[in-house]
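Okay, here's what each chain looks like letter by letter:
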Amino acid sequence: MRAFVLTGPGAGGVREVPRPVAAPGEVVVDVERAGVCGTDAEFFSGDMAYLRSGHTTYPLRPGHEWAGVVSSVGSGVDAAWLGRRVMGDTMIGDGTCRRCRRGLQHVCEARQEVGVRDGRPGALAEQLAVPASSLHALPGSVDAVLGALVEPGGNALRAARATGAGAGDRVLVFGPGTIGLMAAMFARADGAEVHLMGRTEASLRFARSLGFEHAWTEDELPDLPFDAVIDATNAAQLPARAVELVEPGGRVVYIGLSATPSTLDTRTLVLGDVTAVGILSASPGLAATIEAYASGAVDPRPLVGATVGLSDVAAVLAGTHPTGPAPKVHVDPRL
Ligand SMILES: [Zn+2]
């Protein structure tokens with residue numbers, strides 16, 4: 001079968017690889033859609049932190065936002081999965097350690113991450129194999145495009161819910177990229193007044209096209225009380241800015257990662273009685289995200305600006321493939 005393989009920084013393309021076989025407890029999925037994410041671009045550039053920490057080495061097969069149909073099951077797996085449209089949790093804990101037993105498999109020290117960590121091949125391929133225990137069945141109203149948006153959506157939903165914001169609250173989101181816009185959508189669906197702060201006019205225009213009328217550059221940002229601030233950027237100075245801007249008693253939520261350490265003065269947290277939260281992964285938010293998509297409470301499909309075949313992935317990762325203002329690129333490996 002065909003798969004996208006990265007062999008080193010800036011080097012990668014479509015290769016013919018052996019078809020996956022469903023091991024005991026695992027299934028093979030025919031991929032219908034896979035999203036390309038900032039993490040994948042960092043693998044392409046060589047900047048991804050796991051490359052330095054040794055959690056991942058080239059060659060690697062990326063792709064961790066996906067939806068597809070189960071085409072074979074390994075021993076011990078319920079045959080009812082066959083033919084089901086599914087998405088899967090990126091985080092695969094070892095299932096035995098203290099964290100896993102406490103329901104925190106997404107921070108298991110020994111975890112694999114599909115398409116990201118420890119050599120588990122990802123979804124930028126015609127097929128992938130994953131543990132059946134990582135699967136979430138998608139209801140009929142969640143198509144393959146929405147299905148491949150569940151993983152980024154789960155991250156965004158967790159960020160939005162971590163603000164605790166609802167009707168009568170005002171939330172500020174730094175970064176109108178995929179995660180920032182989705183977090184804004186979930187916060188809006190929960191009843192909050194949402195403001196977005198971005199750098200480029202094009203990204204702010206796109207945010208406004210999604211109904212976010214309060215979309216500002218940093219210079220334009222109005223002097224309003226913000227009950228919560230979400231940082232969904234890679235800017236090292238913004239985590240501290242979030243604490244300056246949030247109301248006393250409010251919450252700051254960190255989901256972005258900068259390339260250099262971002263520092264903040266904890267006296268600002270203490271003196272403002274501010275709660276700070278970090279979010280890693282979609283895992284505990286996947287089921288709620290599928291529910292929100294199935295009910296229509298949130299529809300992130302306008303974020304998909306282009307759908308390409310595997311042969312275009314290298315250009316997408318290199319930033320040379322033309323894309324519109326919508327931030328997410330999807331791959332259909334059947335194209
Ligand atoms: Zn574990």
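Let me sum up the structure you'll find in this document. (Residues numbered from 1 in each chain as written. Predicted model: local features only at pLDDT ≥ 70, side-chain atom pairs only at ≥ 80, totals over all residues. Heavy atoms only, no water.)

Remarks on the layout of surface pockets
Selection criterion: Using a grid of 1 Å spacing that covers the protein atoms alone, one calls a set of points a cavity when a 1.4 Å probe fits there but cannot get out, and a pocket when the set is open and has protein on both sides within 12 Å along at least five of seven lines; lining residues are those with an atom within 4 Å of a point. Grid points are joined across faces, edges and corners, and a volume is the space filled by probe spheres set on the points. The helix and strand labels rest on DSSP assignments: H or I over at least four residues marks a helix, E over at least two residues marks a strand, and numbering proceeds from the N terminus.
Its boundaries defined by the atoms lining it, the second largest pocket holds a volume of some 200 Å³. Taken together, 14 residues form the lining of the second largest pocket, with Asp89, Met91, Gln105, Ser133 and Ser134 sitting closest to its centre. Elements with a minimum of two residues in the lining of the second largest pocket: β6 (91-92) and β9 (135-137).

Considering the coordination of the zinc ion
Just so we agree on the cut-off: Donor criterion used throughout: N, O or S atom within 2.8 Å of the metal, extended to 3.2 Å for Na, K and Ca. Water excluded; incomplete-looking sites may result. Irregular is the label for any site that misses the other tests, which are tetrahedral for four donors with all angles between 85 and 135 degrees, and square planar for four donors or octahedral for six when opposite donors exceed 155 degrees and the remaining angles lie between 65 and 115. Accessibility here uses a 1.4 Å probe with only protein chains present; expressed as a share of the type maximum, an area under 20% marks a residue as buried, one over 50% as exposed, and anything in between as partly exposed.
Surrounding the zinc ion are the protein donor atoms Asp94 (OD), Cys97 (SG), Cys100 (SG) and Cys108 (SG), at 2.1 to 2.3 Å. The site at the zinc ion holds four donor atoms, and with the angles between them running 98 to 116°, its shape is tetrahedral. All donors of the zinc ion belong to a single chain; written as a sequence motif, their spacing is D-x2-C-x2-C-x7-C. Residue Asp94 is classed as partly exposed on the basis of its relative accessible area of 34%. By relative accessible area, which is 22% here, Cys97 ends up partly exposed.

Details of the pairing of strand β3 (residues 26-36)
We count it as follows: For two strands to be treated as a pair, DSSP must find at least two bridges joining them.
Most of β3 is tucked away: ten of the eleven residues are buried. Bridge count for β3 against strand β4 (residues 65-73) is eight bridges, and the pairing is antiparallel. Note that in β4 the partner of Arg33 across the bridge is Ala67. Relative to strand β17 (residues 328-331), β3 runs antiparallel, the two sharing three bridges. By the bridge assignment, Val36 is partnered in β17 with Val329.

Considering the nonpolar core
Rules: As used in this record, nonpolar core signifies buried Ala, Val, Leu, Ile, Met, Phe, Trp, Tyr and Cys residues forming a set joined through side-chain atoms within 4.5 Å. In this description, contact between two residues means that some pair of their heavy atoms is separated by no more than 4.5 Å.
Judged by nonpolar contacts, the single largest core of 48 residues is most densely connected at Phe186, Phe212, Ile230 and Tyr293. Among the elements of the structure, α4 (144-147), α5 (150-162), β10 (170-174), α6 (178-189), β11 (193-197), α7 (201-209), β13 (226-231) and α10 (286-295) are those that each provide at least two residues to this core. Top element by residues in this core is α6. It accounts for seven residues. Every residue in contact with Ile230, bar those within four places of it in the chain, is listed here: Ala159, Ala160, Thr163, Val171, Leu172, Val173, Phe174, Ala183, Val253 and Ile255. In this structure, Tyr50, Val70, Val308 and Leu317 belong to the second largest nonpolar core, which totals 34 residues.

Overview of unusual backbone geometry
Cis geometry marks the peptide bond from Tyr58 to Pro59; its omega dihedral reads -10°. Looking at where Pro59 falls in the secondary structure, it is placed in the loop between α2 (49-53) and β4. In this structure, Asp118 is a non-glycine residue whose phi angle is positive, near 70°. Topologically, Asp118 is positioned in the loop between β7 (112-113) and β8 (127-131).

Concerning the pattern of salt bridges
Basically, it comes down to this: Each salt bridge in this description consists of a side-chain nitrogen of Lys or Arg and a carboxyl oxygen of Asp or Glu lying within 4 Å of one another.
Considering all chains together, one arrives at 17 salt bridges under this definition. Salt-bridge contacts for Glu26 lead to Arg120; the nearest nitrogen and oxygen are separated by 2.7 Å. Here Glu26 is found in strand β3, whereas its partner Arg120 is found in the loop between β7 and β8, with 94 residues between them in sequence. Here Glu26 and Arg120 have matching classes, each one buried. Across the pair Asp332 and Arg33 runs a salt bridge whose closest N-O atoms are separated by 3.0 Å.

Section: the packing of α5 against α10
We count it as follows: Axes here mean lines fitted to C-alpha atoms, for a helix over just the part in contact, with angles spanning 0 to 180 degrees between N-to-C directions. Put simply, angles under 35 degrees are roughly parallel, angles over 145 are roughly antiparallel, angles from 65 to 115 are roughly perpendicular, and the rest are oblique. When residues are sorted by character, Ala, Val, Leu, Ile, Met, Phe, Trp, Tyr, Cys and Pro go into the nonpolar class, Asp, Glu, Lys and Arg into the charged class, and all the rest, Gly among them, into the polar class.
At their nearest, the axes of α5 and α10 sit 8 Å apart, and the two run at 100° to each other. Our classification of the angle between α5 and α10 gives roughly perpendicular. Within the contact between the two elements, α5 uses Val150, Glu151, Gly153, Gly154, Leu157 and Arg161 and α10 uses Leu286, Ala288, Thr289, Ile290 and Tyr293. Looking at the contact of α5 with α10 residue by residue, the class counts come to six nonpolar, three polar and two charged.

Some thoughts on the environment of Gln105
Rules: Identification of polar contacts relies on pairs of N or O atoms within 3.5 Å, with a donor-acceptor requirement for protein atoms, meaning one able to donate a hydrogen and the other able to accept it, and with residues adjacent in sequence counted only if both atoms are side-chain atoms.
Residue position: Gln105 is located in the loop between α3 (98-101) and β7. Its relative accessible area of 22% is what places Gln105 among the partly exposed residues. Each C-alpha atom of the pair Gln105 and Gly95 lies 6.9 Å from the other, and the pair is ten residues apart in sequence. Filtering out sequence-adjacent residues up to four positions away, Gln105 remains in contact with Asp89, Met91, Ile92, Gly93, Arg99, Cys100, Arg111 and Ser283. A polar contact of 2.9 Å, which involves the side chain of Gln105, links it to the side chain of Asp89. Within polar-contact distance, the side chain of Gln105 engages the backbone oxygen of Met91 at 3.4 Å.

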